[in-house]
Amino acid sequence: MPPSQGAGEPAEPWQWSESVWRTHVERVRAGRSLAPERWPGGAKAAVALSFDADHESIPLRDRQTGPGRLSQGEYGARVAVPKIMRLLERRSIPATFFVPAVMALLRPDEARGYVEAGHEVGIHGWIHERNTVLSPDTERELAHRSADTLERICGKRPVGIRTPSWEFGEHTLEISAELGLRYDSSLMADDEPYEIVADGRPTGMVEIPVEWIRDDAPYFPRHPGTAAGPGVTPRDVGRLWRDEFDGAYAQGGLFQLTLHPHVIGHRSRLVVLEELLDYVHDRGDVWYATHADIADHVARDAGLTWKPPR
């Protein structure tokens, strides 16, 4: 596996030989599409909602330990999560919650509550660390520690990962394979699920791709200096997400959405999610599924095999 800059490798990309830049490009790629012939029950499209329950983990990671920054994350757990859980329960929608292990330790009842309510809990780092700046040994130790912690608290071994901030390092794939994970949800090479290929070799691991378009965080300000673009309102974002869903529905594909309780959970934003779910419901003929359910279905449809978690 090549490092970001190998020994003797020129520092500037325009100085790289073809073999060097090809090696980087081919390290982790999209393989065959895993878009299934049909969804369960003959549904026209699949809908996979996910919530990254970051809470206080990002300011803690950045050593921003002042009460002001931490209170923004606390809102996610204290106010937003209960509202989101009630919304999902009313509509009988299963979702996937990607949880930093430190947040599960801080609020074990919340993490267990996701599973008890029929939702999935996936790996989302230890303290929302940036994988691309970690040594391989550190990334590996934190990933294994995170999986063990979530299993101990939630009573189920995670089967999927979303890397914090979607940062996918040189060693992330092999570490996920060591953990026996069925799927990743951090990459962006397709609209539909696909098999991850490493150095030209199929891995059997499912990618459930994400995209910043289908993420709430880029649109809404979270603290000074990260204001949304001019003229962006929650309902503007709602219209964009409806267009994304319409495209998936027309193609018989997957509509995947990434949300954060401390972002989407505010009153003027949560109403947009409710309106989106009303819109999806009115279209009808959709399969609501966790990310693990999606991975299981497309893997079976394609005949993929993987090493199950221990």
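K.L.:
For this particular structure, what's the right way to read the packing of aromatic side chains?
P.N.:
The description of an aromatic ring pair rests on the distance of the ring centres and on the angle between the ring planes. Summed over all chains, the structure comprises nine aromatic pairs. Here Trp39 and Trp287 contribute two aromatic rings whose centre-to-centre distance is 6.0 Å and whose plane-to-plane angle is 35°, an arrangement assigned as tilted. A residue pair is termed long-range when its members are at least 10 positions apart, and Trp39 in the loop between β1 (28-33) and β2 (45-52) and Trp287 in strand β10 (residues 286-288) qualify at 248 residues. Side by side, Trp39 and Trp287 carry an identical accessibility label, which is buried. Each member of the aromatic cluster is reached from another via a ring pair, and the members are Phe245, Tyr249, Phe255 and Tyr279. Between the NZ or CZ atom of Arg145 and the centre of the ring of Trp126, over which it lies, the distance is 4.3 Å. The ring of Tyr279 has Arg242 sitting right over it, with the charged end atom 5.9 Å from the ring centre.

K.L.:
Quick question: what am I supposed to make of unusual backbone geometry here?
P.N.:
The phi torsion of most residues other than glycine is negative, and most of the peptide bonds are trans. Located in the positive-phi region is His55, a residue other than glycine, with phi close to 50°. Among the structural elements, His55 can be located in the loop between β2 and α2 (57-61). Exposure remark for His55: the relative accessible area of 3% places this residue in the buried category. With a phi angle near 60°, Asp285 is a residue other than glycine that sits in the positive phi range.

K.L.:
Looking at this structure, I do not really get the pairing of strand β9 (residues 254-259). What am I missing?
P.N.:
The two faces of the sheet receive side chains in turn, since in a regular strand these alternate between them. The element β9 is largely enclosed, with a buried count of six among its six residues. Here β9 shows two buried faces, one formed by Leu254, Gln256 and Thr258 and the other by Phe255, Leu257 and Leu259. Sheet topology places β2 next to β9; six bridges connect them, and they run parallel. Within β9, the position partnered with Ser50 by the bridge is Thr258.

K.L.:
What is the right way to read the pairing of strand β3 (residues 96-99) from this model?
P.N.:
With burial as the criterion, each face of β3 is covered, one bearing Thr96 and Phe98 and the other bearing Phe97 and Val99. Here β2 runs beside β3; their pairing, made up of three bridges, is parallel. If you follow Asp52 over to β3, its bridge partner there is Phe98.

Criteria and cut-off values
Residues numbered from 1 in each chain as written. Predicted model: local features only at pLDDT ≥ 70, side-chain atom pairs only at ≥ 80, totals over all residues. Heavy atoms only, no water. Phe/Tyr/Trp six-rings, centres within 6.5 Å; stacked < 30°, edge-to-face > 60°. Helix = DSSP H or I, 4+ residues; strand = E, 2+ residues; numbered from the N terminus. Buried < 20%, exposed > 50% of the residue type's maximum accessible area, 1.4 Å probe, protein only. Lys NZ or Arg CZ within 6 Å of the ring centre and 35° of its normal. Pairing = 2+ DSSP bridges.

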